[in-house]
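# Geometric and topological summary
Listed below, chain by chain, are the residues.
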Amino acid sequence: MPEDAPTPDAPKPKARLRDIAIAAGVAQGTVSNVFNHPERVSDAIRARVMQAAEALGYQGADPLARMLRTGHIGTIAVIIPEGLDYAFGDPAALALIQGVAAVCDETGRGISVYAAADVGAARRALASAAVDGFIMYCMEEEPGVLDIIKSRGLPVVTVDQPLVEGCRTVTVADRTGAEAAARHLLELGHRRIGVLSMELLPDSREGAVSLRRIRDSIYDACQQRLLGYLDVLAGAGIPAGEVAIEECLFEAESIERSMPRLLRRQPGMTAILATCDRLALWAMAWLARQGLSVPGDVSVIGFDDIAAAAASRPPLTTIRQPLVEKGRAAAELLIDPRGRQEIHFGTELVLRASTGPAKG
């Protein structure tokens, strides 16, 4: 066997566009059009090129070569404040990711999800992440990863957090929605109203919430919802200091601890405002286990309108926000801003069977 002959086990050299062009008897530019702009090539030529590519075992363009040629990776990063179990376990976060993924599918892009529960690890990963831009969901600005992201010089879109200089943003009328929820309960005659809140600071704390803790919150959506509740209740003669607010961890077990405290702090409570649907649904399940009916004994209203809200028993009254549409808007704003810096969505009160007139 000649010295320069390949051994039987040697891998075949990777096929290139030039090789396919020679095999198909067309120009290399024609082959490029087949894979990148097929509408420019006749069906017959396209079929011939594809047949040659298959015969040569062509596996597609080299991603690194594509990046060097176009300056784009073809992937969008979504950054969430918790672990990946949160991203794929929380219906609201999952819906946002689905919205981003839909736009990626439509535009031939990929999606990467990064968790910032460990800020140090996230900063290291994001410093070298092979992506074209970042979508930050419910992320605090400091301490955090924004400085690392902005140092990359790539476009950034924030979702559900305060406006950040140099970043485009997608926002929702959280405060307006919360005001509608509180007014709904007041119109039903409720005055002894308790509040279940998501976490306000990343310290895994449960218990009574002070006005200072609300002001210091780094989670904008939750902060705005609480302020909306308190504004409307204060306008009805219920001062903020008299409203029992319990901060919960985002898990059903936390509700088991929080609900007894809330009932002790708000004797005779007839209604609950929850800053998200999952807290509301867990609270309804807890009330049922205590032999209390919803809404006969306690009315409950949530926020988000996740799929489980309509399927619960009774169906949950809630504030609807466009969960999937937020993700779509964030991806579109990242890819093609069209001069826009912000996309803002409204909210809607959805009346179902979990709220009713105050007893007595």
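The shown structure was predicted, so the numbers you read here are calculated from the model rather than taken from an experiment.

Analysis parameters
- Residues numbered from 1 in each chain as written.
- Predicted model: local features only at pLDDT ≥ 70, side-chain atom pairs only at ≥ 80, totals over all residues.
- Heavy atoms only, no water.
- Helix = DSSP H or I, 4+ residues; strand = E, 2+ residues; numbered from the N terminus.
- Buried < 20%, exposed > 50% of the residue type's maximum accessible area, 1.4 Å probe, protein only.
- Contact = heavy atoms within 4.5 Å.
- Areas by Shrake-Rupley, 256 points an atom, 1.4 Å probe, with all protein chains shown as cover.
- Lys, Arg positive; Asp, Glu negative; His and termini not counted.
- Charge placed at Lys NZ, Arg CZ, Asp CG, Glu CD.
- Core = buried A, V, L, I, M, F, W, Y, C linked by side-chain atoms within 4.5 Å.
- Pairing = 2+ DSSP bridges.
- Axes fitted to C-alpha atoms, helices over the stretch in contact; angles between N-to-C directions.
- Phe/Tyr/Trp six-rings, centres within 6.5 Å; stacked < 30°, edge-to-face > 60°.
- Lys NZ or Arg CZ within 6 Å of the ring centre and 35° of its normal.
- Salt bridge = Lys/Arg side-chain N within 4 Å of Asp/Glu carboxyl O.

### What to know about the overall build of the protein chain
Across its full length, the protein chain holds 15 helices and 13 strands. In the protein chain, which comprises 360 residues, the proportion classed as buried is 47%. Long-range contacts, defined here as pairs at least 24 residues apart, represent 67% of the contacts in the protein chain between residues at least 6 apart. Surface summary for the protein chain: the accessible area is close to 17,300 Å², and the carbon and sulfur share equals 53%. If you average the places of the 38 positive and of the 45 negative side-chain charges in the protein chain, the two averages end up 2 Å apart.

### Observations regarding the nonpolar core
Counting 78 residues, the largest nonpolar core has Ile135 and Leu196 as its most contacted members. Every residue in contact with Leu196, bar those within four places of it in the chain, is listed here: Glu246, Cys248, Ile255, Met259, Leu262, Ile272, Leu273, Ala274, Thr275, Leu279 and Ala283. Among the nonpolar cores identified, the runner-up in size contains 18 residues, and Ala116, Met136, Val145 and Leu146 belong to it.

### Some words on the sheet that holds strand S5 (residues 168-172)
Strand-to-strand pairing in sheets goes through backbone hydrogen bonds, with the strands running parallel or antiparallel. Judged by pairing direction, the sheet is parallel, and its six strands sit side by side in the order S2-S1-S3-S4-S5-S12 without closing on themselves. Edge strands, defined here as strands with exactly one partner in the open sheet, are strand S2 (110-115) and strand S12 (342-345). Geometrically, the sheet is characterised by an average inter-axis angle of 15 degrees between neighbouring strands, direction not taken into account. By the bridge criterion, six bridges tie strand S1 (residues 75-80) to S2 in an arrangement that is parallel. The partner of Val78 across the bridge, within S2, is Val113. Contacts between helix H6 (residues 91-107) and the sheet are confined to S1, S2, strand S3 (134-137) and strand S4 (156-159), with S2 contributing the most and set at about 150 degrees to the helix.

### A look at the packing of aromatic side chains
Each aromatic ring pair is specified by the distance between its two centres and by the angle formed by the two planes. Taken as a whole, this structure holds one aromatic pair when the rule is applied. Relative to Trp282, the ring of Phe250 lies with its centre 5.7 Å away and its plane at 65 degrees, an arrangement referred to as edge-to-face. In this pair, Phe250 is assigned in the loop between strand S8 (244-247) and helix H12 (252-265) and Trp282 in helix H13 (residues 277-289), connecting sequence segments 32 residues apart. Phe250 gets classed as partly exposed once you look at its relative accessible area, which sits at 25%. Positioned above the aromatic ring of Phe303, the side-chain terminus of Arg225 is 3.8 Å from the ring centre.

### Quick notes on the sheet that holds strand S7 (residues 207-208)
Strand order in the open sheet made by the five strands is S7-S8-S6-S9-S10, with mixed pairing throughout. Each edge of the open sheet carries a strand with a single partner, namely S7 and strand S10 (299-301). By the bridge criterion, four bridges tie strand S6 (residues 193-197) to strand S9 (residues 271-274) in an arrangement that is parallel. Residue pairing for S9: Gly194 is matched across the bridge by Ile272. Strands in contact with helix H11 (residues 220-235) are S6, S8 and S9; relative to S6, the strand with the most contacts, it is inclined by about 170 degrees. Across the face of the sheet, H13 comes into contact with S6, S9 and S10 while running at roughly 160 degrees to S10.

### A word on unusual backbone geometry
Omega for the bond connecting Val294 with Pro295 falls within 30 degrees of zero, at 10 degrees, which places this linkage in the cis form. By the element assignment, Pro295 lies in the loop between H13 and S10. Going from Arg313 to Pro314, the amide bond is cis rather than trans, its omega being 0 degrees. Residue position: Pro314 is located in the loop between helix H14 (307-311) and strand S11 (318-320). Phi at Asp304 takes a positive value of approximately 130 degrees, unusual for a residue other than glycine. Along the chain, Asp304 turns up in the loop between S10 and H14. The backbone phi angle of Arg338 is positive, close to 50 degrees, even though this residue is not glycine. With respect to the helices and strands, Arg338 occurs in the loop between helix H15 (323-335) and S12. Given the relative accessible area of 67%, Arg338 is considered exposed.

### Details of the pairing of S1
Along S1, six of the six residues are buried, which leaves the element largely enclosed by surrounding structure. When S1 meets S3, the two strands line up parallel, connected through three bridges. For Ala77, the partnering residue across the bridge sits in S3 and is Phe134.

### A few points about the pattern of salt bridges
When their charged atoms lie close together, side chains carrying opposite charge are able to pair. Here the structure, examined in full by the defined rule, presents 24 salt bridges. Among the ionic pairs, Asp19 bridges to Arg16, the shortest N-O distance being 3.4 Å. Exposure remark for Asp19: the relative accessible area of 23% places this residue in the partly exposed category. A salt bridge links Asp305 to Arg320; the shortest N-O distance between them is 2.6 Å. Residue Asp305 is found in the loop between S10 and H14, and its partner Arg320 is found in strand S11; the two are separated by 15 residues along the sequence. For Asp305, a relative accessible area of 15% gives the class buried. Assessed through its relative accessible area of 33%, Arg320 is described here as partly exposed. Each of Glu206, Glu246, Glu251, Arg257, Arg261 and Arg265 takes part in one network of salt bridges that share partners.

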